[in-house]
Amino acid sequence: QLEDKLRAAGVCPSLQAAVEELTGPVVDLRAEREMVESRWRALFAAASNKIAPRPELKNWLDQLRATGLLRRYGIADAERLLSQALEVVAALPAQDTPLAELAAATLGDAHALDPDTSLGSIVLRAAAALGKCEKWDDVQSRRDAWASVGVICDELSAPVLVLNLRASENTPTSQALAAYAAIGEPAYLSVRQLLRTPPTFSHERVGPVVYICENPNVVAAAAQRLGAKSQPLVCIEGQPRTATRLLLNRLQNAGVPLAYHGDFDWPGIQIANTIIQRHSAQPWRMSVTDYRTAAIGQLALEGPAVAATWDEGLMPVMREVGKAVHEEQVIETLLTDLARRHAG
């Protein structure tokens, strides 16, 4: 009836013409939704084909689809973001490459993968999937996820602590190590130093073995009591970070024997497993006998038990005794080894 009145009055030939004159073209919303959904299906199908040779990324892509993480940006931006993400992922794993350099090389923008960017968040999830990291939602786990695929987030954070670690004096970092070792003073090595001017190690220069501890108090005690006479010592200060990994890799590749001691608690056993397995280190004062001798304190074991890869009998004994032993409790024993030329 309205259309008839509009036509009779000579206003317009049809109701559709009147509406389009007032508000613009009439859109078929259903057809538009179907077109957009078709683009979403095509987007994920194309991405699935691209990552098909890397099945470890399937869960990453499935989560992007299931959680709707990309949908919040709209189909046009999602197509751009996923295309860029796949470009970066194709370059992973990297070879100890700073994050900014990776972003510049793959995307032409050094800040494209910064943690506060949408693309950075998407690619970080892919890095975690490739590196089999369960977390990526805090500063340290983000660094760990990137490091698991050879990407360095911050060249100056979390340096590794060393004492009396000598190298061939062919780089500024090697020269700095030699200067500190000459006076028995601890030194820190940053990721930047280990990447830009890495020290060159040799069995002859370093010595018969490099000892590794978990707690910096051991380094402080060795420096105070033994000074330049202490055996070379590396301190990982908890979970091994990027600088630690880079340093131990260089020592391992140079054929330098490594020996590790850490806390006798469940997190400590897990850390020891990582160092011993990843860097072919030998356990240092980490036997059942060492534990029984030291387990005389009041500190109780807490948390889920962890099996020691180097000694299947250690976990049952620790469960039976139920005491935790931290490195501060056995510093005297460790210093005895560090004071000997050929400690066992």
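Preceding block: the structure.
Calculation notes
- Residues numbered from 1 in each chain as written.
- Predicted model: local features only at pLDDT ≥ 70, side-chain atom pairs only at ≥ 80, totals over all residues.
- Heavy atoms only, no water.
- Buried < 20%, exposed > 50% of the residue type's maximum accessible area, 1.4 Å probe, protein only.
- Helix = DSSP H or I, 4+ residues; strand = E, 2+ residues; numbered from the N terminus.
- Pairing = 2+ DSSP bridges.
- Axes fitted to C-alpha atoms, helices over the stretch in contact; angles between N-to-C directions.
- Parallel < 35°, antiparallel > 145°, perpendicular 65-115°, else oblique.
- Left-handed = near helix turned anticlockwise from the far one by under 90°.
- Contact = heavy atoms within 4.5 Å.
- Nonpolar A, V, L, I, M, F, W, Y, C, P; charged D, E, K, R; others polar.
- Arc of directions from axis to C-beta.
- 1 Å grid on protein atoms, 1.4 Å probe; cavity = no way out; pocket = protein on both sides within 12 Å on 5 of 7 lines; lining within 4 Å.
- Points joined across faces, edges and corners; volume = space filled by probe spheres on them.
- Phe/Tyr/Trp six-rings, centres within 6.5 Å; stacked < 30°, edge-to-face > 60°.

(A) The arrangement of the pairing of strand S3 (residues 160-163) in detail. On S3, burial covers both faces: Val 160 and Val 162 on one face and Leu 161 and Leu 163 on the other are all buried. Pairing of S3 with strand S4 (residues 187-189), which is carried by 3 bridges, proceeds in the antiparallel orientation. Counterpart to Val 160 in the pairing with S4 is Leu 189. Direction of pairing for S3 relative to strand S6 (residues 233-235): antiparallel, over a ladder of 3 bridges.

(B) Representation of the packing of helix H5 (residues 74-90) against helix H7 (residues 118-130) within the structure. Remark: H5 packs on H7, axes separated minimally by 10 Å, with the N-to-C direction vectors making an angle of 40°. For the element pair H5 / H7, the angle class is oblique. Read as a crossing pair, H5 and H7 show a hand that is right-handed. Contacts between H5 and H7 involve Leu 81, Gln 84, Ala 85, Val 88 and Val 89 on the former and, on the latter, Ser 118, Leu 119, Ile 122, Val 123, Ala 126 and Leu 130. Here the residues of the contact of H5 with H7 sort into 9 nonpolar, 2 polar and no charged.

(C) Quick peek at helix H9 (residues 172-182). Along H9, the residues classified as buried are Thr 173, Ser 174, Leu 177, Ala 178 and Ala 181. All buried residues of H9 project into a common sector of 140° when viewed along the axis, lining one side. Those residues of H9 that are exposed and angled more than 90 degrees off the buried face are Pro 172 and Ala 182. Those residues of H9 that are buried lie in contact with S3, S4, helix H10 (191-196) and helix H11 (203-206). A positive phi of about 65° marks Gly 184, the residue just after H9.

(D) Fine view of the environment of Glu 302. Position of Glu 302 relative to the elements: it lies in the loop between helix H15 (288-294) and helix H16 (314-321). The spatial distance from the C-alpha of Glu 302 to the C-alpha of Asp 265 is 7.7 Å, given a sequence separation of 37 residues.

(E) Quick look at empty space enclosed by the protein. Overall, the coordinates contain 1 cavity of 30 Å³ or more when judged by the stated rule. Taken as a whole, the largest cavity holds about 120 Å³ of empty space. Lining the largest cavity are 13 residues, and of these Arg 143, Asp 154, Ser 157, Ala 158 and Thr 242 sit closest to its centre. Looking at the lining of the largest cavity, the elements that each hand over two or more residues are helix H8 (139-147) and strand S2 (151-152).

(F) Quick peek at the packing of aromatic side chains. The tally for this structure, following the rule as stated, stands at 3 aromatic pairs. On the numbers, 4.5 Å between centres and 55° between planes, the contact of Tyr 211 with Trp 284 is tilted. With Tyr 211 in strand S5 (residues 210-213) and Trp 284 in the loop between strand S8 (282-283) and H15, this pair connects stretches of sequence that are 73 residues apart. We note that Tyr 211, like Trp 284, is buried.

Treat this as a map of the structure, not an account of what it does.
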